[in-house]
Amino acid sequence: MAKEFIVAIELGSSKITGIAGKKNPDGSIMVLAVAKEDSTSCIRKGVVYNIDKTVQCLTNIVKKLETILKTKIAHVYVGVGGQSIRSIRNVIVKELPEETIVTQDVINELMDANRNMKYPEQEILDAVTQEYKVDNQFQIDPVGIPCTRLEGNFLNILWRNTFYRNLNDCFTKAGIAIAEMYLAPLALADSILSETEKRSGCLLVDLGAETTTVSIYYKNILRHLSVIPLGSNNITKDIASQQIEEQDAEKMKLKYGSAYTDNNDIDNTLTYPIDQERHLDCRKFVEIVEARVSEIIENVWFQVPNDFTDKLMGGIILTGGGSNMKNIEQAFRNHTHIQKIRIAHFVSQVINSNNPDINAKDGTMNTVLGLLAKGDMNCAGEEITNDLFGQSGGKTVTTADLHKNPRSLNETSGRGVVQTEAEKQMAEEEARKKKEEEEEKARREAEQKAKEEEERKKEKSFWHKTFKGLKDFGKKMIQEEE
């Protein structure tokens, strides 16, 4: 019986994680294999900066998973995240003839016009529809409503072109086909936020190693997305600035670190050991940690648009490795004055696994599990045999094979789906052909129209009338002679 499983890969600042799992009929997920590679030498703040080393890490991840699964991996699901991802609002207006009924084609024209927007050195990864303004009324679905002016409000999620190309290059060079590329923050949100939180308004904060991702939801729609280039590693580096080895600083942070400590609870006589000869005063340590935590929280709150500061009835949801720091909820309450704060230690799906990293439920695996939950295509290839010559005879799968018919932008917009470079090229080629066909059709119609106009002018010309008059006179004379 052929194997069936889904494979997801997350490219994080501290590690690249690959996971394989199988979805059960009851909706639960059985994790079959997990593989990790250190990424500190090739990924910085969530983006690829060393392509060759990233390719090697990806190749190692796939090989480790294939060894455990005893099956080739045909393609994988990938999460896109990291520095420079940001959202920007955009408005597209279309004037319509009087009392025109809005159709899906009109909506598609607005969406296409929005996706065709150009931003300097930026790539539109996804476009989320916020709402439509039909004349003076706001609507979520305006199809079927008559109006003379239609306004589309969109949230475009952007990423630097170089980051986008580098990521695609890594998978191409590694020979790994991408089944689907997702915006990691959106996949994460779908796995840890409740419908109530999304509907009533909430702030999702993913506290990573080198970046902190901020997402805002209201009325079940993503309203804002940004990535701050600050994370828990910055706390470690601040501690290390006290002439402490970074590894020791990390251990001290995990053992003694607290996001908030009441002044009365600080013991001025207490010291923390650095090595056999040196110690760090407790108060100094607290000041270092709290200063950086405060900076991160202030930057998070600064990202919240003024329109939504009073609409977060669902509160703040914290996740990621940084959410494990002691008193992190109190620190956020002190800065934001929002009392309703929840730490999402794990995803909402039922996950069955014997892997200690997953069962730790500390928020560090939430994103890759969210990507795994998004998958719906079988990623299993051929079974690995003991054939010494490795003659499997199988065909290498590419992204182009998975999506032979280019999907329209409207099909993927607002769902967190990011088109791969191969898909974009196919879609652009399809759009180019369509444009050429339309231009050719318009040219033929223009030529036909010009020809008909020429005929009409000819009929009305002086010589045409004279010739016709002589012809008619000749006919009359012949008739009279007869």
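Structure: above.
Residues numbered from 1 in each chain as written. Predicted model: local features only at pLDDT ≥ 70, side-chain atom pairs only at ≥ 80, totals over all residues. Heavy atoms only, no water.

Considering the pattern of salt bridges
Opposite charge on two side chains lets them pair, provided their charged atoms get close. Formally: In what follows, salt bridge is the name for a side-chain nitrogen of Lys or Arg lying within 4 Å of a carboxyl oxygen of Asp or Glu. Here a helix means four or more residues in a row that DSSP labels H or I, a strand means two or more in a row labelled E, and each is numbered from the N terminus.
Under the counting rule described, the total for this entry stands at 22 salt bridges. In this structure, the salt-bridge partner of Arg 342 is Glu 197, at a minimum N-O distance of 2.9 Å. Note that Arg 342 is positioned in strand 19 (residues 341-343) and Glu 197 in helix 5 (residues 195-200), a separation of 145 residues in sequence. Through salt bridges with shared partners, a single network forms among Glu 440, Arg 443, Arg 444 and Glu 447.

Some points on the pairing of strand 9 (residues 122-134)
Condition: Exposure is judged per residue with a 1.4 Å probe applied to protein chains only, and the accessible area is read against the type maximum: over 50% gives exposed, under 20% gives buried, and values in between give partly exposed. Strands are treated as partners if at least two bridges between them are detected by DSSP.
When you tally the buried positions in strand 9, you get ten out of 13 residues, the bulk of the element. The sheet contact formed by strand 9 and strand 11 (residues 146-160) spans eleven bridges and is antiparallel. Counterpart to Tyr 132 in the pairing with strand 11 is Gly 152. Sheet topology places strand 9 next to strand 10 (residues 137-139); three bridges connect them, and they run antiparallel. Residue pairing in the sheet places Tyr 132 in a bridge with Gln 139 of strand 10. Where strand 9 hands over to strand 10, the hairpin turn is made up of two residues, of which Asp 135 adopts a positive phi near 55°.

Observations regarding a negative patch on the surface
What counts is decided by this rule: Nonpolar side chains (Val, Leu, Ile, Met, Phe, Trp, Tyr) within 5 Å and like charges within 9 Å form the patches, drawn only from residues with over 30% relative accessible area and no salt bridge. All accessibility values rest on the Shrake-Rupley procedure with a 1.4 Å probe; residue burial counts only the protein chains present in the view. In this charge count, Lys and Arg are treated as positive and Asp and Glu as negative; neither His nor the chain ends contribute. Throughout, a charge is located at the NZ atom of Lys, the CZ atom of Arg, the CG atom of Asp or the CD atom of Glu.
Together, Glu 430, Glu 437, Glu 438 and Glu 439 make up a region of like negative charge exposed at the surface. Inspection of the secondary structure puts Glu 439 in helix 14 (residues 421-460). Residue classification places Glu 439 among the partly exposed residues on the basis of a relative accessible area of 46%.

Digging into the sheet that holds strand 2 (residues 15-23)
An order of 20-3-2-1-7-12-22 is seen for the seven strands of this open sheet, with the pairing classed as mixed. The open sheet terminates on both sides in strands that have one partner only, identified here as strand 20 (351-352) and strand 22 (417-418). As defined by bridge partners, strand 12 (residues 177-183) adjoins strand 22 across two bridges and the pair is classed as antiparallel. Each bridged residue has a counterpart across the sheet, and for Tyr 182 the counterpart in strand 22 is Val 417.

Section: the environment of Ile 358
The condition is simple: We call two residues in contact whenever any of their non-hydrogen atoms come within 4.5 Å of each other.
Looking at the secondary structure, you find Ile 358 in helix 10 (residues 356-359). Look at Ile 358 and you get buried, because its relative accessible area is 1%. Measuring from C-alpha to C-alpha, the distance between Ile 358 and Val 31 comes to 9.2 Å, with 327 residues separating the pair along the chain. Sequence-distant contacts of Ile 358, defined by excluding residues within four places in its chain, comprise Ile 19, Val 31, Val 34, Phe 346, Ile 351, Ser 353, Met 365 and Leu 369.

No statement about biological role is implied by the geometric values presented.
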